[in-house]
Amino acid sequence: MRRIISLLVENEAGALSRIAGLFSARGYNIESLTVAPTEDETLSRMTIVTYGSDQIIEQITKQLNKLIDVVRLVDLTEGRHIERELMLLKVTAERDYREEIKRLSDIFRGRIVDVTDKTYTIEITGPVGKLDAFIEALGDADVIEVVRSGVSGIARGERALRL
Amino acid sequence: MKLTGAEIVVASLRDEGVKHIFGYPGGAALHIYDALYKQDALQHVLVRHEQGATHAADGYARASGKPGVVLVTSGPGVTNAVTGIATAFMDSIPMVVLTAQVPTGLIGDDAFQEVDTVGITRPCVKHNFLVKRVEDLALTIKKAFFIASSGRPGPVVIDIPKDITAETTDYSYPETVDIRSYAPVCKGHPKQIARAVDLLLDSSRPCIYTGGGIIQGGAERELTSLVRTLGFPCTNTLMGLGGYPSSDPLFLGMLGMHGTYEANMAMYECDVMLAVGVRFDDRVTGDLKKFSPNSTIIHVDVDPSSIGKNVHVEVPIVGEAGPVLAAMLERIRSLKRDDKPVAISKWWEKIDHWRSYRSLDYDRQSEVIKPQYVIESLYKATKGEAYVASDVGQHQMWAAQYYGFDNTRRWINSGGLGTMGFGLPAAMGVQLAHPDSDVACVTGEASIIMCIQELSTCKQYDLPIKIINLNNRYMGMVRQWQEFFYDRRYSHSYMDALPDFVNLAESFGHSGVRVDAPGDVEPAIKEAFSQKDRLIFLDFITDQSENVYPMIASGAGHNEMHLKPSSSGEVPLERELA
Ligand SMILES: Cc1ncc(C[n+]2csc(CCOP(=O)(O)OP(=O)(O)O)c2C)c(N)n1
């Protein structure tokens, strides 16, 4: 099953490689991994999207918790949560397609953030499924480049991951 | 007063209570070596190869319970040390390894003798540090000792760039340390403990299976009282030998690939299994699909990640073995249930039947020296009280099977990584930790060559180790597998061009004795141990064709052991007793 694991990690040089190394050494899957500083400069926040059987997920969380650099960990998928990913997408936008793409982008609440005679660059956020659906909806349009940020997540309600 | 980084290293070790440090100098470590020269609180033991330093520190830790300390230089000093770090990591041995590094400004430049130490060691340490400021040095050392020796212990590496060891700052060694992301659990959950006790008291075919966690956690007393109070059978893993007295009638012997028939059958047929400080390693469980099919498993471990990793556990208990077993015992006593020895008498009858196969019997009439006999004679001569460090191979299994360990920390071997070359340097660490005790190194002619250079260290520091070389002119364990599974194609397992070990030992300044008749075995060992002040290399010319029995082949279950073929020679080599 797909899981979103959120971590607070010591903001140390080796922390990221320890976590990446754990996944490769033990053969766990990573769909995406994001990391950024937090308002507390000693901590980074990481979001890992992974998948595996319940038994493997249990091992992943235990092994992550065992790393000295991992301060807190939560499996967001265990409760109600919000999941978002940012995508930047460059697409050929000429003649008939120009209007069509703009309309599609509006439907998906995307924003056109850069324009040339021949291209649009669109910014769009949402859960992974929505971004996938947008790419699919573009159909036979000529997509030049796609950049996805990887997933960020946060729990719904009053639950929070902090010290 | 301000101290240099190098002086801080030495002062911190001193204030941590370290007495011995195993090392080898080199460019990046020279400031630290200079600081060592100017003090006498720590004894530095100069090994002959950095692998030897790590194994010696490891042996020291296993025998004393205190973290072993290593100091090596950058680059090749570190890469040579990696085998020993990985060995300690696999067996959860507390160790602090100080590695010198090229100066901060040169890191990343492919400087002379630079390797990415933190990167190379990352997968085989509990944690590692690169020190970036001299002000962080003392605290980092404090943290390293704390991490290495608490929770599930393990090696910690501290990489120290040379310039940091020259810079100065105020020194004070922290008394305590708090790491916000690291809080090992000590006591088990009372509800789980109660559930476990209920299960145990209601079982009719219980089995207690314990490992290195008992030794590392110093829980042998709690284990022994629990087992005796319940009257339940107990088996130990290779790493757990000595955790329960092997001469006790409740002890079933070692389990696993070369465990006794009764231990493995009891594991297979039990209805409730209490597993403490173990990790359900593949050499213990055999084929997981066939592992103990009808049991409810209670697993006590200080490391949550080892619970439920390989087998499904009904009652997980995270905590240290000692406090958890003590809490179980207390509950059992408070329930006043003392009907158990009666209730499981049928189970004991079954176990005694398995015992009657005498799976550790061997040919005592042989004209050539049987390796098992050498180990039994070693036991006799040392009254079972020696520290026995072992290398890796058949001799290791025979030492485990035939030297009945009644005490903890006496059996020193590389179980997880299986590192040939471990034995001799580990024995050095043991002897330094226990200068007045008998220390034996059980080895094979292939293993001993892997760290033979340490004979020189033994000379320099007067370490009177007794080397018990079971010389079968083969990498015996490899040969055994080739005999069983490769149709006797003995590919590269014959040890050709062996040295004359007696001369070799003598050239290092020790004594050597070659023994090739069974009648000379006991007197030779007795004589060797009567010489308290010298290392003696006993080279036993043993039966080349002897195999380690019983055996569970890979992929088989505990109920599919091969017992020893009968001595008549008419039975097929392997007899199946499913
Ligand atoms: C460093 C290392 N290399 C290879 C092996 C694989 N191996 C395991 S046992 C063994 C043979 C050991 O021979 P010896 O020391 O003579 O002991 P014996 O089995 O004959 O008692 C080998 C090569 C190992 N365990 N460690």
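Rules used throughout
- Residues numbered from 1 in each chain as written.
- Chains lettered and ligands numbered in written order.
- Predicted model: local features only at pLDDT ≥ 70, side-chain atom pairs only at ≥ 80, totals over all residues.
- Heavy atoms only, no water.
- Helix = DSSP H or I, 4+ residues; strand = E, 2+ residues; numbered from the N terminus.
- Buried < 20%, exposed > 50% of the residue type's maximum accessible area, 1.4 Å probe, protein only.
- Polar contact = N/O pair within 3.5 Å; in protein donor to acceptor, adjacent residues only side chain to side chain.
- Contact = heavy atoms within 4.5 Å.
- Patch = residues over 30% accessible without salt bridge, like charges linked within 9 Å, V, L, I, M, F, W, Y side chains within 5 Å.
- Areas by Shrake-Rupley, 256 points an atom, 1.4 Å probe, with all protein chains shown as cover.
- Salt bridge = Lys/Arg side-chain N within 4 Å of Asp/Glu carboxyl O.
- Buried area = accessible area lost by both parts, 1.4 Å probe.
- Near = heavy atom within 4 Å.
- Nonpolar A, V, L, I, M, F, W, Y, C, P; charged D, E, K, R; others polar.

(A) Region of the structure containing the side chain of aspartate 543 of chain B. Residue and element names in this part refer to chain B. Within the secondary structure, aspartate 543 sits in the loop between β20 (536-541) and β21 (562-563). Taking relative accessible area as the criterion, aspartate 543 reaches 12% and is therefore assigned buried. Within the structure, aspartate 543 has its side chain in polar contact with the backbone nitrogen of serine 545 (distance 2.9 Å). Not counting the four nearest positions on each side in its chain, aspartate 543 is found in contact with Val368, Ile369, Lys370 and Asn472.

(B) Quick look at a nonpolar patch on the surface. Among the surface-exposed residues, Leu86, Leu88, Val113 and Val147 of chain A lie close enough to one another that they form a single nonpolar patch of about 280 Å² accessible area. For valine 147 of chain A, the location among the structural elements is in strand β8 (residues 143-155).

(C) The interface of chain B and chain A, seen in detail. Opposite the 17 residues of chain B that make contact, chain A presents 19 residues. Here chain B and chain A share an interface that buries about 1,500 Å² over both sides, 46% of which is from carbon and sulfur atoms. The largest share of the area that chain B buries against chain A comes from Arg122, Arg180 and Ser181 of chain B, three residues that together contribute 42% of it. If you look at where chain B meets chain A, you find 2 salt bridges. Linking chain B to chain A there are 12 residue pairs in polar contact (both at pLDDT 80 or more).

(D) Focus on the site of the ligand. Residue and element names in this part refer to chain B. Taken together, 17 residues sit near the ligand, with Gln394, His395, Gly418, Ser447 and Gly476 positioned nearest. In the environment of the ligand, an oxygen atom lies 2.8 Å from a nitrogen or oxygen atom belonging to the backbone of glutamine 394. In the model, an oxygen atom of the ligand is placed 3.0 Å from a nitrogen or oxygen of the tyrosine 474 main chain. When the ligand is considered free in solution it has 590 Å² of accessible area, and contact with the protein chains removes 76% of it. The set of elements that each furnish at least two residues to the shell around the ligand consists of α17 (394-402), α19 (447-450) and α21 (476-485). Top element by residues in the shell around the ligand is α21. It accounts for 3 residues. Tallied by class, residues from the shell around the ligand come to 8 nonpolar, 8 polar and 1 charged.

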